[in-house]
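Overview (structure and organization)
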Amino acid sequence: MEHHFGQDTAHASGSFDKTRVLNVKPLRTLVPVFPSPSNPASSSSPQGGAPFVCVSPSGPFPSGVAPFYPFFISPESQRLSEQNAPTSTGQRVPATPISTAVPINSFKTPAGAANGNVGSSRKTTRSRGQVTVTEEDGYNNVEIVEVDGDEETGTGRSKRKLQKKMKGQQSGGPGDIDPDAVAADILKSLNPMVFEVLNQPDGSRDSVAYTLMIYEVMRRKLGQIEDSNRAANSGAKRPDLKAGAIMMNKGIRTNSKKHIGPVSGVEIGDIFFFRFELCLVGLHAPSMAGIDYIGTKTSQEEEPLAVSIVSSGGYEDDVEDGDVLVYSGQGGVNRDKGASDQKLERGNLALENSYKRGNEVRVIRGLKDLQHPTGKVYVYDGLYKIQDSWVDRKTGFNVFKYKLFRLPGQPQAYMIWKSIQQWTDRSASRAGVILPDLTSGAEKVPVCLVNDVDTEKGPAYFTYLPNLKNLRPTAPVESSIGCSCVGGCQPNNLNCPCVQKNGGFLPYSSASLIADLKSVIYECGPSCQCPSNCRNRVSQVGLKFRLEVFKTKNKGWALRSWDAIRAGSFICEYAGEVIDSARVEEELGSDNLNDYIFDSTRIYQQLEIFPGDTEAPKIPSPLYISAINEGNVARFMNHSCSPNVLWRPVIHENKNMSDLHIAFYAIRHIPPMMELTYDYGTVLPLKAVHRKKKCLCGSVKCRGYFC
DNA sequence: CCAATTCAGGTGTAT
DNA sequence: ACACCTGAATTGGCA
């Protein structure tokens, strides 16, 4: 039985019966039909008509793929809101200390044992607070950190030492690359404006964003070099730590002065993927420890005070409950000697003091990263206060416990993650769902269509097309052959032609993140022998994030993701029909303005922190794509003057064709449910056919319009 | 008083 | 399994 969605769901505007849509059979069993251009139903679909046309499956339901339609619950039953908090609120947390509790003061370390002279009010000023790279005319003399590989110390602990070194002075051998020189090169390529921003005493949204972007670029570049076995001194085993150390030593960080309360430039809901990121933006200084506090030496206080905690879920009975958190103290674990009692000192003492004073504590929640099961996501969940503290003896040793509650009135952060989890496991439903998968199974993951702001029941009609459709005759570009990496291209295989085309490196990390934001990407293609799961085919494997198309209050339909997106992740390509420039003029000039044209020849200001990157990437030939009739999720991405997504040209190895695609990548970490936007660029000179549109991106850097 | 050293504290990735 | 890096506390050197 076929379902013609359009006919089934045609209703008078405003009286759309969602349940009829939702009662339809699982949409993953449907495939889109591609109507011929002469199909009158498609070209003259009425305003209240169906958004999509679907037919029944031509094949069996894919086995092994769990049906994914967690939204088949009547929309009115529940809404995402504060009152949707888990029903288990507080239940696992004893309101009073458990029976084995012992008065906490009896554990306090004797005064004077841990803290020396508390009278000292002097502040140690370190020379690390300033960015030093801008000094000394143009970075020729950059301070480099040398790690002194002192093997004689049995502890294996290396000593740090500062040492001046000329750029490019030393290299281990042919092909070797010095991580420090790479870092210096990255810093050199930065817009000097960045250092001005970073040198401000207080952080800002920009200083945080720049710090994280520089860290990310450095970390990925160092990882790429490490990956290719070309790192001199075989260091940089942990690119995250190496990049972090370089940033710290160069003073490329913000909010380096510890304080209680919000951190300027860091917003509730911001996400991080490495502990060092928390450190560099001033959210949580220790690179490992879970409790950050202001010590007695660095403040006028007589006792240490807590500023932030990271709840990593590492301690077993931290409860995970929206607004309440039970946090375990630190210590009590000895490398050589197993468990022991925790002591009321350092972080534990700081939390105890913050409890007594009623101070705010920043909370960062660590969660499993679903995309990268080995890694973690850290969600800044805002300010909490400590409500209770006690000592737990369940394990036979004293463990300090702190019960914290989230201050009311803060934007949702961790709760969003919990809600998405509930939609996923279907323990809660979603309001305003129109279609659980608007791609009708054309993508590997469903793309939800949702409107929880008004009664519009979907965007204007189009046909879902997952890939680029290029019907133009293609001229052969410079002759090239594909690779023969049968097991997939390896980063250390310099003989691989695909590695060579990318400048000697694979463009993607092992986590499929783009390593370098500044270049054209050469992926493997039809003329390569490597398998489809090759690391160099990232943009060809389709969507991996659970995206959704949603209605905004004032910008029409838009795109966002249920999953957190790491900076550098491939999001989607711009699918549609390749057209020529004459057709572009035609479409723009017609009464039916085509708002869905991608134009690679526009002027793009994509990454302000890299000044060499202000122009459109070098492309073999201009590319125009129209997605007005056929397209994928990319057609729903709105313009922003402060975008979180950018595009790169991606060339698939295909010896007889110029197989050019446009792929979108995350510029920064994007929390779930945040709108995805890219810069549409500008057309110069502006011709009559170009109609200016008022920009609604709301950014402080808004240019005012786009077209 | 300032500099150098020690120590606590897990994390991220590979095997 | 393994290699890590920061910041507070502590110790050492010097006035």
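What counts, and at which threshold
Residues numbered from 1 in each chain as written. Chains lettered and ligands numbered in written order. Predicted model: local features only at pLDDT ≥ 70, side-chain atom pairs only at ≥ 80, totals over all residues. Heavy atoms only, no water. Salt bridge = Lys/Arg side-chain N within 4 Å of Asp/Glu carboxyl O. Helix = DSSP H or I, 4+ residues; strand = E, 2+ residues; numbered from the N terminus. Buried < 20%, exposed > 50% of the residue type's maximum accessible area, 1.4 Å probe, protein only. Pairing = 2+ DSSP bridges. Axes fitted to C-alpha atoms, helices over the stretch in contact; angles between N-to-C directions. Contact = heavy atoms within 4.5 Å. Expected span 1.5 Å × (residues − 1). pLDDT = per-residue confidence, 0-100.

Here the focus is the pattern of salt bridges. By the definition in use, this model includes 27 salt bridges. For Glu548, the salt bridge identified is with Arg430, shortest N-O distance 2.7 Å. Taken as a pair, Glu548 in strand S20 (residues 547-551) and Arg430 in the loop between helix H11 (414-425) and strand S15 (433-435) lie far apart in primary sequence, 118 residues in all. For Glu548, a relative accessible area of 0% puts it in the buried group. With a relative accessible area of 5%, Arg430 lands in the buried category. Each of Arg205, Glu267 and Asp270 takes part in one network of salt bridges that share partners.

The next thing to look at is the sheet that holds S15. On the basis of which strands lie adjacent, the open sheet formed by four strands has the order S15-S16-S20-S21 and mixed pairing. Each of the sheet's edge strands pairs with one partner strand only, and the pair in question is S15 and strand S21 (557-561). The sheet shows a mean angle of 30° between the axes of neighbouring strands, direction not considered. Of the pairings in the sheet, the one linking S15 to strand S16 (residues 448-450) comprises two bridges and is antiparallel in character.

To continue, consider the sheet that holds strand S25 (residues 624-626). Pairing is mixed in the open sheet, where four strands are placed in the order S18-S23-S25-S24. On the outer flanks of this sheet lie strand S18 (468-469) and strand S24 (597-599), each paired with one strand and no other. As paired elements, strand S23 (residues 576-579) and S25 share three bridges and run antiparallel to each other. When the sheet's bridge partners are listed, Glu577 is paired in S25 with Ser626. Against the sheet, helix H13 (residues 581-589) contacts S23, S24 and S25, and its axis sits at roughly 115° relative to S23.

Here we come to helix H10 (residues 346-357). For H10, which comprises 12 residues, the first-to-last C-alpha distance of 16 Å matches the rise-based estimate of 16 Å (1.5 Å per residue) to within 8%. Listing the buried residues of H10 in full gives Gly347, Asn348, Leu349, Ala350, Leu351, Glu352, Asn353 and Ser354. Among the structural elements, strand S6 (291-294), strand S7 (305-311), strand S9 (324-328), strand S12 (360-368), strand S13 (376-392) and strand S14 (399-406) are those in contact with the buried residues of H10. Following H10 by one or two positions, Gly358 adopts a phi angle in the positive range, close to 75°.

Let's shift gears to the pairing of strand S29 (residues 660-666). With seven of its seven residues buried, S29 lies for the most part within the structure. Sheet analysis places strand S28 (residues 645-652) next to S29, joined by seven bridges and oriented antiparallel. Note that in S29 the partner of Ile651 across the bridge is Leu660.

Assignment of secondary structure puts Leu684 in the loop between strand S30 (677-678) and strand S31 (693-694). Judged by relative accessible area, which is 63%, Leu684 ranks as exposed. Considering only alpha carbons, one finds Leu684 and Gln422, 262 residues apart in sequence, at a separation of 48 Å.

A positive phi angle, near 50°, is found at Asn255, a position not held by glycine. Here Asn255 falls in the buried class, since its relative accessible area comes to 9%.

Attention shifts here to the confidence of the model for chain A. The share of residues in chain A with pLDDT of 70 or more is 68%, and the mean pLDDT across the chain is 74. The lowest-confidence element of chain A is strand S1 (residues 31-32), averaging 27 in pLDDT; the highest-confidence one is S21, averaging 98. Scored below 50 in pLDDT, residues 132-174 shows 48 contacts in the model against residues more than four places distant or in partner chains.

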